[in-house]
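Examination of the molecular architecture
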2 protein chains.
Amino acid sequence: MNKLILAVLACAALPAVADEGMWTYNNFPADKVAAKYHFKPDQAWLDKVRLGSARLAQGCSASFVSPDGLVLTNHHCAHSCIEQLSTKTKDFVKDGFVAKALADEKKCPELEVNQLTDITDVTKRVQGAVAGKSGAAFAEAQKAEFAKITKECATSDDVRCDVVTLYAGGAYNLYKYKRYQDVRLAFAPEFAIAFFGGDPDNFMFPRYDLDMALVRVYDGGKPLQTTSYLPVAKTGAKAGDLAFVSGHPGKTSRNATVAELSFIRDVEQPARLLRLAELRGRLTEFANRGKEQKRISNAILFYVENGYKARSGYWNALRDPAFFQSKVAEQDKLVASVKDPGKKTALQQSIAAIAAAQKTKTDLYVPYLQLEGMQAFMSDLFPLARGLVRAADELPLPNEKRLKGYTDAELPGLKQMLESPAPIYPELEEATLAFGLTKFREQLGPDHKTVKAVLGKKSPETLARELSKSKLRDVKERKKLFDGGKKAIEASTDPMIVLARAVDAEARALRKRWEDEVESVTNKESETIAKARFDAFGTSVYPDATFTLRLTYGAVEGWKEAGADVSPITTIGGAFERHTGEDPFALPASWLKSKDKLTLTKGMNFVTTDDIIGGNSGSPVINQKGEVIGLIFDGNIHSLGGDYGFNPANNRAVAVHTDAILEALEKIYGAKHLADELTGAKKPTG
Amino acid sequence: MNKLILAVLACAALPAVADEGMWTYNNFPADKVAAKYHFKPDQAWLDKVRLGSARLAQGCSASFVSPDGLVLTNHHCAHSCIEQLSTKTKDFVKDGFVAKALADEKKCPELEVNQLTDITDVTKRVQGAVAGKSGAAFAEAQKAEFAKITKECATSDDVRCDVVTLYAGGAYNLYKYKRYQDVRLAFAPEFAIAFFGGDPDNFMFPRYDLDMALVRVYDGGKPLQTTSYLPVAKTGAKAGDLAFVSGHPGKTSRNATVAELSFIRDVEQPARLLRLAELRGRLTEFANRGKEQKRISNAILFYVENGYKARSGYWNALRDPAFFQSKVAEQDKLVASVKDPGKKTALQQSIAAIAAAQKTKTDLYVPYLQLEGMQAFMSDLFPLARGLVRAADELPLPNEKRLKGYTDAELPGLKQMLESPAPIYPELEEATLAFGLTKFREQLGPDHKTVKAVLGKKSPETLARELSKSKLRDVKERKKLFDGGKKAIEASTDPMIVLARAVDAEARALRKRWEDEVESVTNKESETIAKARFDAFGTSVYPDATFTLRLTYGAVEGWKEAGADVSPITTIGGAFERHTGEDPFALPASWLKSKDKLTLTKGMNFVTTDDIIGGNSGSPVINQKGEVIGLIFDGNIHSLGGDYGFNPANNRAVAVHTDAILEALEKIYGAKHLADELTGAKKPTG
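Predicted model only: the values in this text are computed from it and were never measured.

**A word on the pattern of salt bridges**
All names here are of chain A. All chains considered together, the criterion is met by 125 salt bridges over all chains. Two residues, aspartate 565 and lysine 560, come together in a salt bridge whose shortest N-O distance is 2.9 Å. Accessibility expressed as a relative area gives 61% for aspartate 565, which makes it exposed. It is possible to trace a salt-bridge network through shared partners that takes in Glu372, Arg386, Arg390, Glu394, Asp504, Arg508, Arg511 and Glu515.

So this is what it looks like as structure tokens:
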């Protein structure tokens with residue numbers, strides 16, 4: 001879900017300027033908005049927008065758009081679900097999907113929708129629990145306290161609770177969500193228009209994508225009845241409009257130290273990019289095997305290409321010497337701002353300790369990602385095997401002693417994965433496993449003890465073929481193993497279970513070193529740095545993104561590209577002009593057929609100055625009245641790099657215009673009933 | 001041909017220490033060898049070794065090993081030929097090839113063997129021609145003078161002449177070769193043993209590869225009769241032996257400025273690696289389409305994987321901050337060594353001018369490689385089309401006005417390419433063209449004018465399919481177009497010719513800018529730097545590699561790896577221990593069957609301290625008696641990075657032991673006649 005990434009040049013450690021900032025709902029700078037845009041959101045407005053916002057647990061944003069639980073998000077956020085519902089003979093990715101009535105809506109095997117109901121400050125509690133601790137003890141104590149807090153909060157399976165580390169440990173907040181796991185697909189257009197322009201146009205603008213999907217949340221088997229929703233405006237965005245975006249930016253590193261940024265630039269991004277490039281080559285050719293292979297690999301190829309382009313952008317930002325130097329200067333400035341000699345020394349020591357941890361991180365990086373990160377066993381089957389093997393070990397432990405992912409509060413997510421009827425395709429499994437195992441041998445070397453233990457005398461291809469025949473494809477088999485606990489796991493001869501068992505000790509050992517020597521050092525020392533930043537700026541700054549709900553503000557506004565103005569809004573007619581008839585510039589037949597019925601001057605896509613990043617995909621763009629006027633689905637090319645800073649001059653969020661959404665539903669897809677539900681004109685029919 | 005790359009830490013701008021140095025034959029430090037190894041090669045010895053050395057024009061080294069024109073080189077150097085001689089039903093790459101008698105030897109469609117007969121100093125002539133010129137005028141004058149010199153020298157088609165720029169323009173030498181284009185395959189083992197261990201073991205040691213092939217040079221339809229050859233020793237290399245290597249290192253950048261190294265580190269290697277990674281993914285999956293597809297893509301996949309691993313090594317060397325800093329210090333030291341203020345200023349200005357040219361190079365890099373470098377049109381067909389289109393334009397021009405590649409002296413190479421009966425596979429063409437065109441659109445953008453002109457409304461896949469149907473596969477068609485000249489080219493509707501015509505003006509324009517603004521600036525300013533280096537060191541240093549014949553010296557010697565000794569010689573028995581039965585660790589059936597007959601304690605591969613790099617593949621390792629005791633085929637992992645400097649502690653050349661060659665020929669392949677010819681025991685039979 002890296003689709004949305006925003007690039008930046010200014011410094012995030014200093015108070016935000018321009019429209020910069022991914023603000024938490026309990027620290028929104030309403031006065032700043034008022035000063036610039038003459039509209040001050042009050043608490044009622046903020047509450048309404050917060051409750052109308054939704055998160056897709058798999059990594060996207062969304063919004064409730066009707067009193068009957070209809071949720072608007074991106075096609076690319078629902079892509080997995082759409083593919084999972086498809087079959088060899090009925091391909092909803094290619095052909096789109098329209099539920100004519102409630103009864104036609106199809107349950108997504110793995111989608112989970114979260115609605116943020118409460119934010120509680122638990123800073124004192126967490127900081128108290130870890131006070132005076134470091135290394136493994138720090139990690140252990142923090143994990144235990146998190147597990148305790150979330151267990152107290154998550155009183156039933158439909159409540160999800162996360163302790164969120166904000167300001168790099170400057171604050172800890174408990175986020176409480178209503179969790180919905182019965183989510184059904186109501187509408188998706190054809191992939192060809194959802195991702196019109198494909199990889200070449202990705203992160204570009206002007207743009208012409210109907211990257212939307214409608215799903216509906218069900219509660220007790222019936223459409224959710226709610227007053228917390230944001231209706232779609234009858235008329236969408238206009239140039240100059242004030243535009244809020246409420247969504248879940250995934251991760252930013254704007255407050256990272258120079259050593260952490262060096263690690264990202266010199267180790268992480270090159271390694272990830274080279275892997276993605278090779279995988280992209282494999283998947284592109286895999287799709288050439290035939291129509292069915294193209295269908296089953298469509299989603300993963302999309303994620304790989306999107307990730308590749310996004311990471312190229314991150315990397316290029318950090319490789320720009322002037323930009324990198326600005327991050328060095330920013331850190332120096334922070335140190336210089338601390339006058340108290342003791343505090344200054346503490347800050348410098350923390351910066352040095354994080355730098356030392358990056359060296360360890362570099363040493364551990366490859367084996368950690370291969371074994372604990374599961375790169376070696378790239379597949380849908382291996383995570384199931386690992387989940388089962390670890391559940392058998394972890395669930396008998398006291399809640400606060402368990403690994404992350406296996407606490408009581410997290411069990412519904414684990415169960416959803418294990419019980420998912422989503423299809424798993426052996427041919428694709430075999431291909432990705434062969435790739436993963438080949439890279440595993442390449443990166444650790446054929447004489448590495450774990451490589452030898454895993455491969456034995458087999459080639460990666462031979463082992464991949466065997467593993468792809470695992471019975472874990474069958475939900476019943478997984479259930480049996482889950483219910484059978486440790487004994488069943490130990491007795492299993494399923495090749496995936498055997499593999500997961502064989503590498504688990506080493507994977508856990510790497511994880512422990514990673515947590516104790518890298519993460520907990522970074523977390524602990526980042527607190528010192530965060531405190532120094534707090535002393536200087538307080539909450540006049542926003543915390544780095546954490547895949548929790550944030551509100552940004554901005555305007556519908558173009559930018560200057562090589563001296564020329566880029567207009568902020570494209571039209572439906574523009575899509576027809578860009579049509580060549582060949583993928584990815586081929587409009588679907590439904591559009592070509594309907595051209596005469598459409599108002600071609602209506603808005604198709606637009607850009608805003610909002611500060612967003614990957615995870616914001618599916619976020620509503622909201623006007624002052626709390627109506628949805630657009631649907632975020634991308635950032636422009638300049639936005640790549642926003643992981644590290646924000647440049648208001650040319651960093652733009654890219655959204656689907658709601659006029660195009662209403663026009664297409666009504667005139668192309670015969671879904672006037674959905675258009676009417678979005679605008680509040682009509683209720684859904686059973 | 002990047003197989004052989006040597007890595008380095010010391011500084012090449014300072015006089016060579018240890019066994020460092022790729023010495024020209026007219027400046028070999030015989031006294032240094034004598035001082036260290038108590039053997040001083042005299043002129044007769046040097047002449048004998050020089051004339052016994054051979055170059056494969058396509059990018060490898062070799063040696064004449066019998067009075068009847070037998071030539072020893074690597075399997076990977078003859079790989080293309082072996083594949084070109086194979087068919088769907090007879091796969092010599094997989095099964096190997098043994099000519100039982102001369103009549104069975106098969107002509108390689110494209111191999112050209114060169115023997116260096118003379119070296120003449122033409123420094124004054126070239127420097128005189130370019131004196132006082134810069135930019136385009138410098139490039140033009142140099143090109144004209146080169147063409148004049150080589151035309152005077154190349155009095156017939158079987159003479160090849162190249163003006164070689166040594167010491168970055170400090171000296172120009174005319175290298176005159178005897179050119180042999182009738183080269184026939186006599187022996188090749190199975191790919192499985194030639195490249196045993198495959199990509200995982202590539203650049204590694206201990207190693208167990210029989211990476212050898214024997215070809216025979218024919219002259220007037222008969223085996224070449226010659227006294228200039230190096231016999232194979234009856235007993236091969238032993239630990240501690242003095243070992244010379246005579247071969248053609250392709251390119252080193254040890255004297256490059258810091259700005260040039262930065263370009264390689266920051267622009268060239270990342271771009272090349274990402275492309276190779278993706279191409280590797282595509283080709284790996286292409287081979288999965290079926291047995292025949294695996295066969296026809298075997299050679300290109302090998303080159304791609306080899307290039308990927310080699311470039312990773314180069315890149316990692318430059319990304320090591322300590323090493324890079326040593327190159328900065330080296331340059332600073334050179335500047336400091338110049339005492340004359342005028343000369344110092346000139347040196348600094350030259351360094352600055354080269355740095356400025358790197359900026360231009362960065363801007364031009366992508367379009368230049370795509371269009372002039374033919375990355376966009378990756379195939380075997382496009383270079384033929386370009387050759388035809390350009391020949392039609394260039395050949396009517398006066399010799400000294402023509403593009404490089406089209407002068408009279410170079411015509412035999414062009415004709416060999418156009419007349420080659422080597423098979424071209426439409427399915428593989430389509431796949432590589434689709435890749436090339438996709439990256440072309442990705443890197444220049446779908447709205448770039450040339451991308452639009454080339455693709456029109458077509459997708460890369462559609463256009464690739466059309467182009468792969470070009471009639472240029474047919475030698476007769478090529479001949480018709482070549483003979484028909486400009487008129488025939490203009491009238492052609494062959495899709496490849498149409499494409500080559502369409503992009504030629506822009507490709508030439510990019511080439512002109514590249515030559516005038518990058519290459520000629522670098523060449524000219526490098527002369528100033530070279531002069532400063534000459535003032536300091538004279539010819540006590542060796543010039544950077546230029547794919548011309550060099551002689552190195554060293555010893556058969558292991559190294560310390562993580563504190564443990566790596567023994568310098570592996571045995572035939574070791575190959576059987578490493579055998580798993582699965583590719584790439586599966587010995588061929590011929591070996592398994594013959595195990596009992598083999599002396600398992602005999603040498604298989606070994607390492608030496610010789611300073612070699614890519615292009616040295618196929619070089620003979622020679623003892624004091626002028627006998628061949630080994631066959632260079634690789635460098636160890638530490639050797640990667642030798643592009644920039646030499647580290648005697650662990651940089652090792654890797655060779656096939658001649659004992660293994662003789663043992664295998666006689667006892668595995670039933671080719672005692674060839675073993676006997678190599679040792680001089682017997683003449684070949686018709």
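**Overview of the packing of aromatic side chains**
Applying the stated rule across the entire model yields 49 aromatic pairs over all chains. Where tyrosine 368 of chain B meets tryptophan 514 of chain B, the ring centres are 3.9 Å apart and the plane angle is 5°; that geometry is what we call stacked. Here tyrosine 368 of chain B, found in helix H12 (residues 341–372), pairs with tryptophan 514 of chain B, found in helix H19 (residues 495–537); they are 146 residues apart in sequence, far enough to count as distant. Among the aromatic residues, ring-to-ring pairing joins Phe28, Tyr37, Phe39, Trp45, Phe244 and Tyr553 of chain A into one connected group.

**Notes on the domain arrangement of chain A**
All names here are of chain A. Segmentation of chain A into domains returns domain 1 (3–112 + 181–250 + 549–595 + 607–635 + 656–679) and domain 2 (258–537). Look at where the C-alpha atoms of domain 1 and domain 2 centre, and you get two points 29 Å apart. Residue-level contacts link 34 residues of domain 1 with 27 residues of domain 2. Here domain 1 meets domain 2 over a buried area of about 2600 Å², counting both sides, of which 55% is carbon and sulfur.

**Points about helix H13 (residues 381–394) of chain A**
Residues and elements named next belong to chain A. The end-to-end C-alpha distance of H13 is 20 Å, a good match for the 20 Å that 14 residues give at a rise of 1.5 Å each. Most of H13 sits inside the fold, with 12 of its 14 residues counted as buried. Those residues of H13 that fall on the buried side of the exposure criterion are Leu381, Phe382, Leu384, Ala385, Arg386, Gly387, Leu388, Val389, Arg390, Ala391, Ala392 and Glu394.

**Digging into the pairing of strand E2 (residues 53–56) of chain A**
Residues and elements named next belong to chain A. The side-chain alternation of E2 yields two buried faces, one formed by Ser53 and Arg55 and the other by Ala54 and Leu56. In the sheet, E2 pairs with strand E7 (residues 113–121) via two bridges, with the strands oriented antiparallel. Bridged to arginine 55 within E7 is asparagine 114.

**A word on the sheet that holds strand E14 (residues 550–555) of chain A**
Residues and elements named next belong to chain A. Judged by pairing direction, the sheet is antiparallel, and its eight strands sit side by side in the order E1-E14-E13-E19-E20-E21-E18-E17 without closing on themselves. Strand pairing shows two members of the sheet lacking a second neighbour, strand E1 (23–24) and strand E17 (569–571), which therefore form its edges. Direction of pairing for E1 relative to E14: antiparallel, over a ladder of two bridges. Pairing of threonine 24 across the sheet is with arginine 550, part of E14. Its contacts with the sheet put helix H1 (residues 30–37) on E1, strand E13 (242–247) and E14, and the angle it makes with E14 is roughly 10°. Seen against the sheet, helix H2 (residues 43–52) touches E13, E14 and strand E19 (620–622) and runs at an angle of roughly 110° to E14.

**What to know about the sheet that holds strand E13 (residues 242–247) of chain B**
Residues and elements named next belong to chain B. Taken together, eight strands build an open sheet; the order of strands is E1-E14-E13-E19-E20-E21-E18-E17 and the sheet is antiparallel. In this open sheet, the two strands that pair with only one neighbour each are strand E1 (23–24) and strand E17 (569–571). As paired strands, E13 and strand E19 (residues 620–622) are joined by two bridges and run antiparallel to one another. Among the inter-strand pairings, valine 245 is bridged to a residue of E19, identified as valine 621. Strand contacts of helix H1 (residues 30–37): E1, E13 and strand E14 (550–555), with the helix running at about 10° to E14, the strand carrying the most contacts.

Calculation notes
- Residues numbered from 1 in each chain as written.
- Chains lettered and ligands numbered in written order.
- Predicted model: local features only at pLDDT ≥ 70, side-chain atom pairs only at ≥ 80, totals over all residues.
- Heavy atoms only, no water.
- Salt bridge = Lys/Arg side-chain N within 4 Å of Asp/Glu carboxyl O.
- Buried < 20%, exposed > 50% of the residue type's maximum accessible area, 1.4 Å probe, protein only.
- Phe/Tyr/Trp six-rings, centres within 6.5 Å; stacked < 30°, edge-to-face > 60°.
- Helix = DSSP H or I, 4+ residues; strand = E, 2+ residues; numbered from the N terminus.
- Domains from an automatic or database assignment.
- Contact = heavy atoms within 4.5 Å.
- Buried area = accessible area lost by both parts, 1.4 Å probe.
- Expected span 1.5 Å × (residues − 1).
- Pairing = 2+ DSSP bridges.
- Axes fitted to C-alpha atoms, helices over the stretch in contact; angles between N-to-C directions.

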